[in-house]
Every structure is written in C-alpha cells, then in structure tokens.
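# Results of the structural survey
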Amino acid sequence: MAGGSVGYSRSSGSRTVVRVVVAGDRGTGKSSLIAAAASESFQENVPSVLPPTRLPADFFPDHVPVTLIDTSSSLENRGKLNEELKRADAIVLTYACDQPLTLSHLSSHWLHELRRLEVKVPVIIVGCKLDLRDENNQMSLEQVMSPIMQKFREIETCIECSAATMIQVPEAFYYAQKAVLHPTSPLFDQENQCLRERCARALRRIFVLCDHDMDGALNDVELNEFQVKCFNAPLQPAEIVGVKRVVHEKIPAGVNQLGLTLTGFLFLHALFIEKGRIETTWAVLRKFGYDDYLKLRDDFLPVPSKRAPDQSVELTSEAVEFLSGVFRLFDTDNDGALQPTDLDELFCTAPESPWDGAPYKDAAERTARGDISLNAFLSQWALMTALDPHRSLANLVYIGYGGDPASALRITRRRSVDRKKQRTERNVFQCFVFGPRSAGKSSLLNSLLGRPLSKINSATGEHYAANVVDQHGGCKRTLLLREIPEDGVKKFLSNREFLAACDVAVFVYDSSDEKSWKSTKELLLDVARHGEESGYGVPCLLISAKDDLDPHPVAIRDSLKVSQKLGIEAPIPLSMKLSNPHNIFGRIISAAEHPHLGIPETETGRKRKQYQQLVNRSLIYVSIGAAVTVVGLAGYRAYAANRSTSN
C-alpha cells in the first residue's frame, strides 16, 4: 500500500493558497523565522513586523503556496492581531527556547485566547532560537509538550528550530501547510486513537468499490488496481507480501486467504495516520471524490442546477429501478420490508444515515417495529429528491449507484407550461397543507402514513409525510404532504416563489368550529392573492374535517359561498373516525394532475384578468387596423402604377 512520497504530492483539495498567521510573545523570533524561511538564509536586520510574505508553490511537495502573516503582540495592535487570527487557515505560535516563560505563556494565555476568539484552525507550536538553549536543560520536546497537547487538542505538531543555523526552519511552515491540506481531526480521534466514524464510512465505500469480485477482500490484482488509481504506481509482489504481513501481525482478521479484508484496510489507514503519513489517506479519499468534510465533491455530483422555480426534480426510472433492486437485496428475509438495522447497513458507506433527522425522520410509513415497505422506501427517496436533489444524488452514489450520476435525476416541465397544455408529466406531487391549529392537518398527514388516530400526536411545526397513492387503472403516484404551521404563513408568503414548489394546496378546517373556518378562509384568500400576484397560482381544495361532529351552520353556508365565489370545488367532508381517507388523497392527486383547474380567482384577480383581456383585444384591433391600412396603401400604389403605365 502506498505511503511516503507516493501519496505526498497528490491533490490537496480545492485550496490554492494557505494563509498562516505567526503569533507569540514579543522577542520570540517570529519575524526572523519568517525572513529565514523566505530567503533561505539568516537575516541579521529584520523589521519588528514584516509585511505579508509569500512562500511560492515550489517550496512545498503539495505545490500550494503559503502566505505568512507576521503579527505584533503589543496591546495597541491587539485588534488587528485578533482580526488576523480569525482569518487564518493555520496558526504558528512561537516561543523562545532560551526563555522558558514564553513557553508557559502559550498555555496560560495564547491558546486560551484562540479559544476565546473561537478560532478553530490547526495550531503549530514552534520553539525558536534553538541555538541559544541552555545546554543544562535536557528535557525533551515530547516531555515538555505532551501535557499541553493533551489539554489543547487543536495543537497539530510541535517543532523546535533555529533561524540563525537554519535548523528545521522550512519544516515549521511545511507542518502548518500540511495541517491545513491534510487535517488530522476529520479523520482521526486522537483521544481514542481510532478512525472517526465518517472517515471509516468513506473508506468502507472505497473498499467496496475496489472489491470488484465482491468477495469481501482485496486480492493482489485489486490491491494493485487501487494503488495505481490513487498513486499512479503499482506495488511490487514483495511489497504486497510485506503489507499483508504487517497487517496480519497486528490484527489477524485483517487478512484472509482471499486477501486484505475491510478490517485490514481500515487498520492500514489508521496506521498511516499514527505514523504521521496522513497525506496518504487524504490522497485516497480525494481520488475517490471526497472533500475536506468527507462528503463527495460537487464535481462528482452533476445535479441539474438551471431550473425555474416551478420545476421540480424527480428520480428517473433508472434510479427507481436501482433502488428497488437495492431494497430486494437488503430484504434478506423476503418479507417485503427493511428493518432499521437493514437501513443502517444500507447507509454504512454514506457519511451518515440521511433520514435520521428532520424533515425525513417519521416522514414515511413504518410498521410498529419500525420496518419500512418498498413503497415507503421509494417515497422517502422521492421526498429527499424533491427537497434536496444534491443530497439525494450523493446518497445514491454512496450506496453504490453505478450508472452515470447525470442519469439519476430529471427536471420536470414548468408547471406554467403544464397549465397551458392542461396536463402534467409529473410522478411526484407536493401538496401544501394549510389550516389553523387543531383543525386536523397533522391527522391528515399521519393518515397518509397509515397511522391510527389513537397514535396521532398533533404537531406544532412544519413537517412532511410521503407515500405512494394508487390511482384508477393501476397508476401509482407519490404524494408529498407538507404541513404549513399557521403562525408561519405570513413569513412564507413574503417569499414571492413560495408557491412555486407547490402542485396543489389543501385547506383544512374543523367543520364544527366557526372560528376554525374563518381562520381557514383568511388563509385561503391570502394564498389565492399571493398566487395571482406571483404568477404561481395552484389548484386549491377545501377539506371540511371532523365531519363526525355536528357542523357549524355558518361554516357550512359560508364555505359553499366562498368556494363558489373563488371558482373552486365545494368543501370535501372528512372524518378520520368514520371514513377511509384514501379517497381524499386520490382527490388531491387528481387536482394536481389537472394544473389548469381549481385555481382560486379573487375579485381583484378577476378584474385584473378582464383588464388584461381588454388590453390584449385592443392590441389585436390595432394590429388588424394597421394591417388593413398597409394592404390599402399597397393597393392604391398598384392602382396608381397601372394608370401610369396605361397612359
């Protein structure tokens, strides 16, 4: 396996320059250290504070230049110092080897100051003036620094140097650059001496990708292919034997008769990091597309970026087929459902499970023990694709999607075009659910997920529900319900494009409560006006919930009047206790499939529309009149020409 210079000069992420700020007590040799590094010789007369100094790319194996920022520790310059520290990619803190107090001041002041300023970058401790150290002081650097490094984990490296004798001067800034380009913290837990979980997950994915015969081990051929891909150099047979011997001696389960196991692969990378060769592991990760946060880089994820606000993103049939196959693969007991442990195993090659947090947690139908069916599984993916296409595509790739990533997602046609064509080609519809508190919004969402009324808890914030709805003729569509909290409507409507992502809006009210209806009416009118003003009007449905209770007369009379006036369907009665809500979801899908129907029209909107029609009609008349004039003028000229010829 590669190491040393093989992985040393590989890609270093997206950085084009590293900014290193040099700080420390006065007289510790900051400026002399910078001057010596830049000139590659000791400078006798150095200003107290140097201007920014650039060390060119060819100074370093990674070919990334470094800008050194000298600082003053005087009180009058404290503001500027703090500003520079906050802008740093890495910080070099200096002490003087001949002044022990400057070393103790690092832990009593400087390191605490960095924490106070919330500066979270690698710190390199550099002891300057090594040539002036008292020869009677025999304590090693490790003895001195170990207690400090235990307390301040942000310290990456400690080194001592001498500008006067040029001992380890370039190394001081090499370590600073290395800590930025190849940081330890994202990969390795220093306290527990093990790979961090996200690093182990990324390496697991790389192992799976390289295990072409899928036998759970990298054989010699696969190891060599991995080596060439990452480092452009093959391993010699003796080197492969040596790697396996090292692994087997330390961890017998790391090698078997088939080759290097996942356990051995992870052990090797932990060993590289412990031995100070972290750049090797970073080279591997970056070759397989990972960024500094151990997520796939954007250039590995061709997510469609140019789309209108009223266009949505869906999985292609190719991606759905892949996910269906993955579902069957992990459904080892063939019961038509994945257990929570199956999902954990499925996403073990992703940075984390994408559905553990909001808004995906509890957004799909589950059994009592937490199992998920194929329809619920695909609905969850449809929701993630609609809300966050980048996240969806990334997780497709993490779990092994082998096709062209660009073929996994598709952009739907603009809804404004669908309205003109009076049909849609979408398979996934997003429905916004409006209504006052206790009207039954949460019950509607939970019923889409098959949750019994007794287990429904009223939600106070925004949340989602997603499921497949069977339509007439065996057609399946995915419905995404998004509950809009009443107190958040005004904020949402301040965004002109709020309704652009909505295919249909549903307004739920408690039919037994006059106040509930009046609040819903105001919400409906606000949304209708917003749709007219923004151009993103959507079909709207009224749902008269809690139909098992005695309806309020005003709610009945006024709701029919309002729906007629706005030109939408009459309210749909619904009782979660007495009726099957499936019909409601079919009605919602049907409304979304007819984007030209059921769009509410206010009195103001109607007048605006009539005025626009009048203007358009006038323009047509003007155009016709102008055409007649042109034709008449052309006829007269022809007549005059004929008379002239005959004469």
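Relevant structure appears above.
Here is a short report on the structure shown in this document. (Residues numbered from 1 in each chain as written. Predicted model: local features only at pLDDT ≥ 70, side-chain atom pairs only at ≥ 80, totals over all residues. Heavy atoms only, no water.)

Regarding its fold elements, the chain presents 22 helices and 21 strands. Within the span of the chain, comprising 647 residues, buried residues form 48% of the whole. Pairs at least 24 apart in sequence give 72% of the contacts found in the chain among residues at least 6 apart. Accessible surface, the chain as shown: approximately 32000 Å² in total, 52% of it carbon and sulfur. (Helix = DSSP H or I, 4+ residues; strand = E, 2+ residues; numbered from the N terminus. Buried < 20%, exposed > 50% of the residue type's maximum accessible area, 1.4 Å probe, protein only. Contact = heavy atoms within 4.5 Å. Areas by Shrake-Rupley, 256 points an atom, 1.4 Å probe, with all protein chains shown as cover.)

Further remarks concern the sheet that holds strand E19 (residues 504-510). Taking strand neighbours across the sheet as the criterion, the six strands line up as E17-E18-E16-E19-E20-E21 in an open arrangement whose pairing is mixed. Looking at the sheet topology across the chains shown, the edges are occupied by strand E17 (463-470) and strand E21 (572-573). Bridging between E17 and strand E18 (residues 476-483) involves eight bridges; their strand directions are antiparallel. Across the sheet, the residue bridging to Ala465 is Leu481, located in E18. (Pairing = 2+ DSSP bridges.)

Of all hydrophobic cores here, the largest spans 75 residues; its most connected members are Ile206, Leu285, Leu323, Phe377, Trp381 and Leu396. Per-element tally for this core: the top contributor is helix H10 (residues 262-274), with eight residues. Setting aside anything within four residues of it in sequence, one finds Trp381 in contact with Leu315, Leu323, Phe347, Trp355, Ser392, Asn395, Leu396 and Ile399. Grouped together as the second largest cluster of nonpolar side chains are 29 residues, Ile124, Ile159, Ala163 and Val180 included. (Core = buried A, V, L, I, M, F, W, Y, C linked by side-chain atoms within 4.5 Å.)

Looking at the secondary structure, you find Ser373 in strand E14 (residues 372-373). For Ser373, a relative accessible area of 29% gives the class partly exposed. A C-alpha to C-alpha distance of 6.0 Å links Ser373 and Gly336, two positions 37 residues apart in sequence. Contact partners of Ser373, with chain neighbours within four places excluded, come to Phe327, Gly336 and Ala337.

Here the focus is helix H21 (residues 582-593). For H21, built from twelve residues, the straight-helix expectation of 16 Å at 1.5 Å per residue is met to within 8% by its first-to-last C-alpha distance of 17 Å. Inspection of H21 places Ile584, Phe585, Gly586, Ile588, Ile589, Ala591 and Ala592 among the buried residues, and these make up the whole buried set. (Expected span 1.5 Å × (residues − 1).)

So, about the environment of Tyr464. Along the polypeptide, Tyr464 turns up in strand E17. For Tyr464, a relative accessible area of 9% corresponds to the buried category. Sequence separation between Tyr464 and Phe432 is 32 residues, and the spatial gap between their C-alpha atoms is 9.4 Å. With residues near it in sequence (within four places) discarded, Tyr464 still touches Pro359, Asp362, Ala363, Leu383, Leu387, Gln430, Leu445, Leu481 and Arg482. In this structure the side chain of Tyr464 is engaged in a polar contact, spanning 3.3 Å, whose partner is the side chain of Arg482. (Polar contact = N/O pair within 3.5 Å; in protein donor to acceptor, adjacent residues only side chain to side chain.)

We now examine empty space enclosed by the protein. A complete count under the given rule lists two cavities of 30 Å³ or more for this structure. Here the largest cavity is characterised by a volume of approximately 40 Å³. Forming the walls of the largest cavity are Leu499, Val527, Ala528, Gly531, Glu532, Gly537, Val538, Cys540, Ile599 and Pro600. Partitioning the lining of the largest cavity into residue classes produces seven nonpolar, two polar and one charged. (1 Å grid on protein atoms, 1.4 Å probe; cavity = no way out; pocket = protein on both sides within 12 Å on 5 of 7 lines; lining within 4 Å. Points joined across faces, edges and corners; volume = space filled by probe spheres on them. Nonpolar A, V, L, I, M, F, W, Y, C, P; charged D, E, K, R; others polar.)

So far we have only geometry, and geometry alone does not tell us how the molecule works.
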